[in-house]
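Here are the chains, one letter per residue:
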Amino acid sequence: MTLRVRWGTVAIAAVPLTALVLFFVYPVVGMLARGLWPDGSLDLGAVTEVLGRPRTHRVLWFTVWSAGVATLVSVLAGLPVAFVLHRLRFPGRDLLRALVVVPFVLPTVVVGVAFRQLIAPSGPLGSLGLDGTATAIVAALVFFNISVVVRTVGAFWEAIDTRREEAAAVLGASPWQVFRTVTLPALVPGIVSAASVVFLFCATSFGVVLTMGGLRYSNVETEIYLLTTQELDLTGAAALSILQLVVITALLVLAARVRRSPGPVDRTTKRLPRPRLRQLPVLLWAGLVIVFLMAPLASLLSASLRQGDTWGLDNYRALGTTGAHNALLVPATTGLANSLQIAMVATVIALVLGSCVAFLVSRPGGGRPMGVLDGVFMLPLGVSAVTVGFGFLITLDKPPLDLRESALLIPIAQAMVALPLVVRTLAPVLRSVDDRQRQAAASLGAGPLRVLLTVDVPVAWRALIAAAGFAFAVSLGEFGATSFLARDDNPTLPVVIYRLIGHPGAENFGMAMAASVVLAATTAVVMFAVQRLRVASVGAF
Amino acid sequence: MRSRLLPTVLSTLLLATALAGCGSDSKESPKTLVVATHDSWAMSKSVLAKFKAETGITVKVRPQGDAGELTNKLVLTKDSPLADGVYGIDNTFASRAVDAGILTAYDAKELPSSAEQYRLTGDAKDDLTPIDYGDVCVNVDDSWFAKKNLTPPKTLDDLAKPAYKGLFVTPGATTSSPGLAFLLATIAAKGDGWQDYWKQLMANDTKITAGWTDAYEVDFTAGGGNGDRPIVTSYSSSPPFTIPKGATEPTTSALLDTCFRQVEYAGVLKGSDNPAGMKKFIDFMVGQDFQEALPDNMYVYPVDSTVKLPADWASYAPVSPHPYSVDPSAVTKNRTTWLREWRDVTSQ
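Reading the values: rules and limits
Numbering of residues starts from 1 in every chain and runs along the sequence as written. Just so you know, chain letters begin at A and ligand numbers begin at 1, following the order they were written in. Only residues with pLDDT of at least 70 are given local features in this predicted model, and only at 80 or more are side-chain atom pairs given and counted; all residues enter the totals for whole chains, interfaces and linings. To obtain the side-chain values, all non-hydrogen atoms of the structure were used and water was disregarded. Working definition: helices are DSSP H or I runs of at least four residues, strands are E runs of at least two. Numbering for both runs from the N terminus. Burial status follows relative accessibility: with a 1.4 Å probe on protein chains alone, a residue under 20% of its type maximum counts as buried, one over 50% as exposed, and anything between as partly exposed. It only takes one pair of heavy atoms within 4.5 Å for two residues to be counted as in contact. Methods summary: accessible areas were calculated by the Shrake-Rupley approach with a probe of 1.4 Å, and residue burial reflects only the protein chains presented. In this tally, Lys and Arg are treated as positive and Asp and Glu as negative; His is ignored, and so are the chain termini. Lys charges are placed at NZ, Arg charges at CZ, Asp charges at CG and Glu charges at CD. Accessible-area loss on putting two parts together, using a 1.4 Å probe and summing over both, is the definition of buried area adopted here. In what follows, salt bridge is the name for a side-chain nitrogen of Lys or Arg lying within 4 Å of a carboxyl oxygen of Asp or Glu. Whenever two N or O atoms come within 3.5 Å, that pair is a polar contact, provided that in protein one can donate a hydrogen and the other can accept it, and provided that, for residues adjacent in sequence, both atoms are side-chain atoms. Amino acid classes used here: Ala, Val, Leu, Ile, Met, Phe, Trp, Tyr, Cys and Pro are nonpolar; Asp, Glu, Lys and Arg are charged; the rest, including Gly, are polar. What makes two strands pair is DSSP finding at least two bridges between them. As used in this record, nonpolar core signifies buried Ala, Val, Leu, Ile, Met, Phe, Trp, Tyr and Cys residues forming a set joined through side-chain atoms within 4.5 Å. These domain limits were set by an automatic method or by a database of domain assignments.

A. Looking closely at the overall build of chain A. On a plain count of helices and strands, chain A comes out with 23 helices and 2 strands. Its C-alpha atoms put chain A at 70 × 60 × 45 Å along the principal axes. Residues counted as buried form 60% of the 541 residues belonging to chain A. Here the contacts in chain A between residues at least 6 apart in sequence split such that 80% fall between residues at least 24 apart. When the accessible surface of chain A is totalled, it reaches about 21,000 Å², and 69% of it is carbon and sulfur. Considering chain A, the positive charge centre built from 41 side chains and the negative charge centre built from 27 side chains are found 13 Å apart.

Below, the structure written as structure tokens:
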């Protein structure tokens, strides 16, 4: 029995590991090798020279502190929203849940422009003097990442049994005491999970830093981008990529130490309560955060409905065309169709691989190897998209792995980005299943499949659907890797938007705004549908 | 045991399809031609259909980023080229491509005589064929200046004058290709004094953004964001885009004494599967049909000066009579130093 289980473990681990090696490790190593062995000999002197530059130290420091602050703020802002949207019942909740995810998928170039239009000296918030400051960078990072906190922590929060909290309350604890002593400790694994993902996203964001910082600030990612795409200084880029890997590995090790399993939790399927008056502070807090998330969306919407001084749907009608002065190669609507198709394939890949990983890392008694496995699949989030993208081009170029011309290249690249989110959503929920339930089922004669279906799946089902929605959203909005790989005959909607906004002319700008609203609406509809589907399916168990 | 097999089987199938999928279309038949381009590539279908009718070759275009990214990708993939040919390497990156030895020489048949002035010099003469050019110029919002009853600036020196303090926005030279072109214009104009000039610009509250989009669509008064700076670095071909609906004249104009000329080239890649096809395509690109279609599709000027420009271009998008230029090999040699110095001057 033990032997069979081990073999099963190996088989399940082999699939995602193979994918990771082929589509992440191999390209990254290929790219690093170009930088470190420029003429066939290892050039460590050049690497130490790069790492010794005062500029490198400045860049590293900015990366760490901007991502750290943005992560902290995202968690503080996201927790109350996670509570309100996942532990309360009120009309319109599902719609709000769907809308909150939207910022996450918007192309950075659009959010950058929308944000800057608000805070530029000529904008409505111009008097705050935020344009081009580090505060603006952090605010934009927070805007993108709050939904990661809301969804990851929310899925976790939903699965927590309320009876312990009720018991504490009955014993006389104030709501704050209940939160601090019962809820928060139970939430820690979910929060650490979310925070590490957010930190990785922030530390590797480059569009936001470039657009909002106006060249005053650089992080490691923008530096790698410039060294690789403009200066062709591969040694410098490789040195920084290694630095990035070291920092991120250290972070993941730290996170794994903090993140301890909360232990088994009993579950009820009680109806969620309605909001109560004494929750007003939390409700207000969450309300403010949601306003912060929706304000740029509203300004996008209004810009999309305007053409010159008149209002109307012209920009939306234009989406069926290739833009003014042939700005596009295919109509924007084709971009949308491509995006949906690619997102579906990417979601399937990410779910299959992610379920394998989550299943393995959540087994009790997995110990250190499983912890390492968990961390390893987070790495794609922490390594420069430029390094991975260029690595794809120089490594996946020979049969049997000549993928450069394959239509699957983009879905695969996006799935690698979505994979950690799938794992992060599924694993904590699976981990919270009491293993004694599985043992009980097994001793009653259930085979492993039956155990999985009757014990794990009913609990993980919600998280699985949430993960699917998230993976789909990531794929819809993914721009970094996609822009390095997109081919002209299948540009995704974000690529189309990027192209439109890069052309002069009011019509193209209006179209870019309209296309962004369509992208946002599509995401919201998908997330909303996933939610509906989930409610219906839960009844089946 | 069976339970664990299910995901395994599913994902193995998936990977298998992935691998099978790539096998099917990885080999281009000689009847297709893969051309790596910059992201600004646009060409009407009818023009490409004409090429197909003439030669039987279908052109597949693969945009690879801006001119810098495009060049660097091709240099990196030298041993296993991404495409058969390239279009879109400009004069600021041309000698990097030449030095890296990624190109095969080809002397285009019937290169228009007006294109001779844009050819590379020396041994590199035939490595790249000039196809089109564009001028990166400072643009001004004339309607803004008219409303304020102010005279718009005319020259690079004007931009540093107190009258125009806080009115100029330009994309950065390290992050943007028009930004780099503008830096090169100032280097060509000021020689060794270019750093002093940039100090004056910065003292005059010049704003630097990461990309053209940020500068034009957020900070420029005539862009999508109705910003507060009426002077911006853009192209000599930008003004016709600002002709309001129903009007006939643009609200902006380009300052023709501030321009840097960008020339874009095409070339055959070494190791190409279809060098003959790319040569035919280069001949086609310098031919009448393609040249005529360039302004409307890519907002650039054809190297063939006998080709007729669109009407609004003739009136509102003239090219600079005396553009600044810097020798391509000097750009490659000094790029890193210049950019580092520029970064130091502008970040103070």
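There's more to say after this.
B. Seen up close, the interface of chain B and chain A. Each side of the interface is counted separately: chain B has 68 residues, and chain A has 73 residues. Between chain B and chain A, roughly 6,100 Å² of surface is buried when both sides are summed, and carbon and sulfur atoms account for 59% of that area. The interface formed by chain B and chain A holds 2 salt bridges in total. Residues B:Asp219 and A:Arg116 are paired through a salt bridge, measuring 2.8 Å at the closest nitrogen-oxygen approach. Counting across the interface, chain B meets chain A through 13 residue pairs in polar contact (both at pLDDT 80 or more). Put simply, the parts of the chain that give the side of chain B that touches chain A at least two residues each are helix H1 (2-25), strand E2 (58-63), helix H3 (67-76), strand E7 (207-209), helix H9 (212-219), helix H11 (288-298) and helix H13 (328-346) of chain B. Ranked by residues supplied to the side of chain B that touches chain A, first place goes to H1(B) with 13 residues. Of the residues contributing to the side of chain B that touches chain A, the split by class is 25 nonpolar, 23 polar and 20 charged.

C. Focus on the pairing of strand E5 (residues 129-141) of chain B. Residues and elements named next belong to chain B. Counting buried positions over the 13 residues of E5 gives 13, a clear majority of the element. Pairing of E5 with strand E9 (residues 252-269), which is carried by 11 bridges, proceeds in the antiparallel orientation. When the bridges of E9 are listed, Asn 139 appears paired with Ala 254. Examined bridge by bridge, E5 and strand E8 (residues 231-235) share 5 bridges and lie antiparallel to one another. Pairing of Cys 137 across the sheet is with Ser 234, part of E8.

D. How the structure looks around the nonpolar core. All names here are of chain B. In this structure, Phe 281 and Phe 290 are the most contacted members of the largest nonpolar core, which totals 239 residues. For this core, the domains that each give at least three residues are domain 1 (29-133 + 262-316) and domain 2 (135-261 + 326-346). Non-local contacts of Phe 290, meaning those with residues more than four positions away in its chain, are made with Trp 41, Met 43, Val 47, Ile 131, Phe 281, Phe 284 and Met 285. Membership of the second largest hydrophobic core comes to 33 residues, among which are Val 136, Leu 167, Ala 185 and Trp 198.

E. Region of the structure containing the pattern of salt bridges. This structure, assessed with the given rule, holds 21 salt bridges over all chains. Notably, a salt bridge pairs A:Glu49 with A:Arg53, separated by 3.3 Å at the nearest N-O pair. With a relative accessible area of 45%, A:Glu49 lands in the partly exposed category. B:Lys207 serves as the salt-bridge partner of B:Asp219, at 3.3 Å between the closest nitrogen and oxygen. Of this pair, B:Asp219 sits in helix H9 while B:Lys207 sits in strand E7, and the two are 12 residues apart along the sequence. Residue B:Asp219 is classed as buried on the basis of its relative accessible area, which comes to 1%.

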